[in-house]
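# Descriptive analysis of the structure
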Amino acid sequence: MQEYGIEIFCPEEYSEKSEQTDYGELIKTTYYSITCEKDRNVNILLPAGYTEEKEYPVLYILHGIFETQDSMTFNSVTIGNMIAKGAAKEMIVVYPYMYASKTRDACTAIDKENVEAYDNFVNDLTNDLMPYMKDNYSVAEGRENTAIIGFSMGGRESLAIGLQRPDLFGYVGAIAPAPGLVPAKDWAMEHEGQFKEEELVFLKEVPFLLMICCGDSDKTVGQYPVSYHNIFVKNQVEHVWWEIPGSDHGDPAITSGIYNFCKNIFQ
């Protein structure tokens, strides 16, 4: 915690919008996904003063279940303030639509078939969206220039993607990650698990930063975030963990996670 300068709550100076600050350009566009065999929506936040003469690191921010590519864009204000004040590096931020299915366009229930569409996002991301970003924007490549963080189901998937592709993502964060990364049973369904507990390790490339946080009053994901923390401790995986007092499943936990993650990536 001290090494990374974690602040439990995001300071007001970074969370409030100012007319004097240039927050960059939020582009709403689509890309073709071979994985899903259709066009997919994505929001791309270019930093203030974006130019093709520079290469920018890229942060992917993943939304929760039933949400869309628009759901997490509210934190673009925090990120814009941080860049403007020098608290975060200039970066491109990508807000993808995470439900990756060939046959459905949106999540219809919390069940095995729908959850598998979220698990399939790793293929859409690495095979379709990341190449699209490379072809259309001035991105700096390499795991040292690529980060991913998500909220709830997005947090579960950001951890899964980080574990599956540590060669691509050097920074991995999860805010209130949902159950199902390992076998679990919650109020909605029984999760087979994407990994066994002993598989929550990094055998080759290790993240420069692995972060997990959650509200201490989160009634939606309950004890699952701290259970991931405990598994990583058991498996001797270095990571940062903290809880946000008084936060349920949303803010201030989301903003705390985004703020602390952004100030520590691409350093």
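Here's what I pulled together on the structure shown here. Because the structure is predicted, anything quoted here is derived from the model rather than measured. (Residues numbered from 1 in each chain as written. Predicted model: local features only at pLDDT ≥ 70, side-chain atom pairs only at ≥ 80, totals over all residues. Heavy atoms only, no water.)

So, about the packing of aromatic side chains. Considering all chains together, one arrives at 8 aromatic pairs under this definition. With a centroid separation of 5.4 Å and 75° between ring planes, the pair formed by Tyr171 and Phe266 is classed as edge-to-face. Of this pair, Tyr171 sits in strand β6 (residues 171–175) while Phe266 sits in the segment after α7 (253–262), and the two are 95 residues apart along the sequence. Across the pair, exposure class does not vary: Tyr171 and Phe266 are buried alike. Among the aromatic residues, those joined into a ring-pair cluster are Tyr31, Tyr132 and Tyr137. The ring of Phe208 carries Arg143 above its face, with NZ or CZ at 4.8 Å from the centroid. (Phe/Tyr/Trp six-rings, centres within 6.5 Å; stacked < 30°, edge-to-face > 60°. Helix = DSSP H or I, 4+ residues; strand = E, 2+ residues; numbered from the N terminus. Buried < 20%, exposed > 50% of the residue type's maximum accessible area, 1.4 Å probe, protein only. Lys NZ or Arg CZ within 6 Å of the ring centre and 35° of its normal.)

With that out of the way, let us pick up the packing of helix α3 (residues 112–119) against helix α5 (residues 153–164). Where α3 contacts α5, the axes come no closer than 10 Å and their chain directions differ by 55°. When the axes of α3 and α5 are compared, the pair comes out oblique. Every residue of α5 that contacts α3 at Val115, Tyr118 and Asp119 is listed here: Met153, Arg156 and Glu157. (Axes fitted to C-alpha atoms, helices over the stretch in contact; angles between N-to-C directions. Parallel < 35°, antiparallel > 145°, perpendicular 65-115°, else oblique. Contact = heavy atoms within 4.5 Å.)

Our next topic: the nonpolar core. Of all hydrophobic cores here, the largest spans 87 residues; its most connected members are Leu59, Tyr60, Ile92 and Met133. It is helix α4 (residues 121–136) that provides the largest number of residues to this core, a total of 7 residues. Not counting residues within four places of it along the chain, the set of residues in contact with Tyr60 comprises Val94, Leu125, Leu129, Met130, Met133, Thr146, Ala147, Ile148, Ile149 and Phe169. (Core = buried A, V, L, I, M, F, W, Y, C linked by side-chain atoms within 4.5 Å.)

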